[in-house]
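Residue-level structural notes
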Amino acid sequence: MEDCLFCKIIDGTIPSKKVYEDDLCLAFNDQKPLAPTHILVVPKKHLASAVEITDDDAMLIGHIFGVISLLTQIFGVSDGFRVVTNCGAKAGQTVQHLHFHVLAGKELGSFN
Ligand code: 5GP
Ligand code: ZN
């Protein structure tokens, strides 16, 4: 997808601090971390946000959550982490390519 920041990170046009990559997804450190561990996990398939996920993506999304679980174990935060995907400008989405924030390493508080 032209002019998509995360597609450019996926194809290497824009550099990132990668922590994991396979055929389906890429994980890299957020450039403005909100917690000591702040990883973004993105599918290589361009989906603008969670609103574009369909049943055809079931395997992909399941795989991404398996990768998230693996990463939390590698980073030693599997006892407490948060996964967030902002969907739409009203929810704070700024990059229009589906991504999952993995936040950990500090007290995250509870959602109300
Ligand atoms: P959103 O606000 O869309 O949920 O999250 C986008 C995230 O992407 C933000 O946390 C922001 O810091 C991160 N981000 C934006 N541009 C870049 C970039 O060029 N490199 C990296 N590593 N993260 C980025
Ligand atoms: Zn994209």
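Check the entry above for the structure.
Everything numeric here is computed off the predicted structure, so don't read it as measured data. (Residues numbered from 1 in each chain as written. Chains lettered and ligands numbered in written order. Predicted model: local features only at pLDDT ≥ 70, side-chain atom pairs only at ≥ 80, totals over all residues. Heavy atoms only, no water.)

With that settled, the discussion passes to the environment of Leu-108. Looking at the secondary structure, you find Leu-108 in the segment after strand S5 (100-104). Residue classification places Leu-108 among the partly exposed positions, given a relative accessible area of 26%. With residues up to four places along the chain from it excluded, the contact list for Leu-108 reads Phe-81, Arg-82 and Leu-103. (Helix = DSSP H or I, 4+ residues; strand = E, 2+ residues; numbered from the N terminus. Buried < 20%, exposed > 50% of the residue type's maximum accessible area, 1.4 Å probe, protein only. Contact = heavy atoms within 4.5 Å.)

Looking now at the coordination of the zinc ion (ligand 2). Protein coordination at the zinc ion (ligand 2): the donors are Cys-4 (SG), Cys-7 (SG), His-46 (ND1) and His-97 (ND1), at 2.1 to 2.3 Å from the metal. Considering all four donor atoms around the zinc ion (ligand 2), angles at the metal cover 103 to 116° and the coordination shape is tetrahedral. Between consecutive donor residues of the zinc ion (ligand 2), the sequence gaps follow C-x2-C-x38-H-x50-H. Note that Cys-7 is positioned in helix H1 (residues 5-11) and His-97 in the loop between strand S4 (81-84) and S5, a separation of 90 residues in sequence. His-97 shares its class with Cys-7; the two are buried. (Donors = N, O, S within 2.8 Å, 3.2 Å for Na, K, Ca; no water. Tetrahedral: all angles 85-135°; square planar, octahedral: opposite > 155°, others 65-115°.)

What follows concerns the site of ligand 1. In the vicinity of ligand 1 lie 16 residues, with Asp-30, Asn-86, Gly-92, Thr-94 and His-101 positioned nearest. Backbone polar atom of Asn-29 to a nitrogen atom of ligand 1: 2.9 Å apart, as the coordinates give it. Residue His-99 places a side-chain N or O atom 3.0 Å away from an oxygen atom belonging to ligand 1. Within the complex, the protein chains bury 85% of what would otherwise be the 520 Å² of accessible surface of ligand 1. (Near = heavy atom within 4 Å. Polar contact = N/O pair within 3.5 Å; in protein donor to acceptor, adjacent residues only side chain to side chain. Areas by Shrake-Rupley, 256 points an atom, 1.4 Å probe, with all protein chains shown as cover.)

Summarising the element assignment, Asp-30 is placed in the loop between strand S2 (25-29) and strand S3 (37-43). A polar side-chain atom of Asp-30 sits 2.9 Å from the main-chain amide nitrogen of Lys-32. Filtering out sequence-adjacent residues up to four positions away, Asp-30 remains in contact with His-38, Leu-40 and His-101.

Looking now at the layout of surface pockets. Once rolled over the atoms, a probe with the size of a water molecule shows which space is left empty. Here the largest pocket defines a volume of roughly 450 Å³. As for the largest pocket, its lining consists of 22 residues, of which Phe-6, Asp-30, Gln-31, Lys-32 and Leu-40 are closest to the centre. Among the secondary structure elements, those contributing two or more residues to the lining of the largest pocket are H1, S2 and S3. Looking at which element gives the most residues to the lining of the largest pocket, the answer is H1, with three residues. Broken down by class, the residue content of the lining of the largest pocket amounts to nine nonpolar, 10 polar and three charged. (1 Å grid on protein atoms, 1.4 Å probe; cavity = no way out; pocket = protein on both sides within 12 Å on 5 of 7 lines; lining within 4 Å. Points joined across faces, edges and corners; volume = space filled by probe spheres on them. Nonpolar A, V, L, I, M, F, W, Y, C, P; charged D, E, K, R; others polar.)

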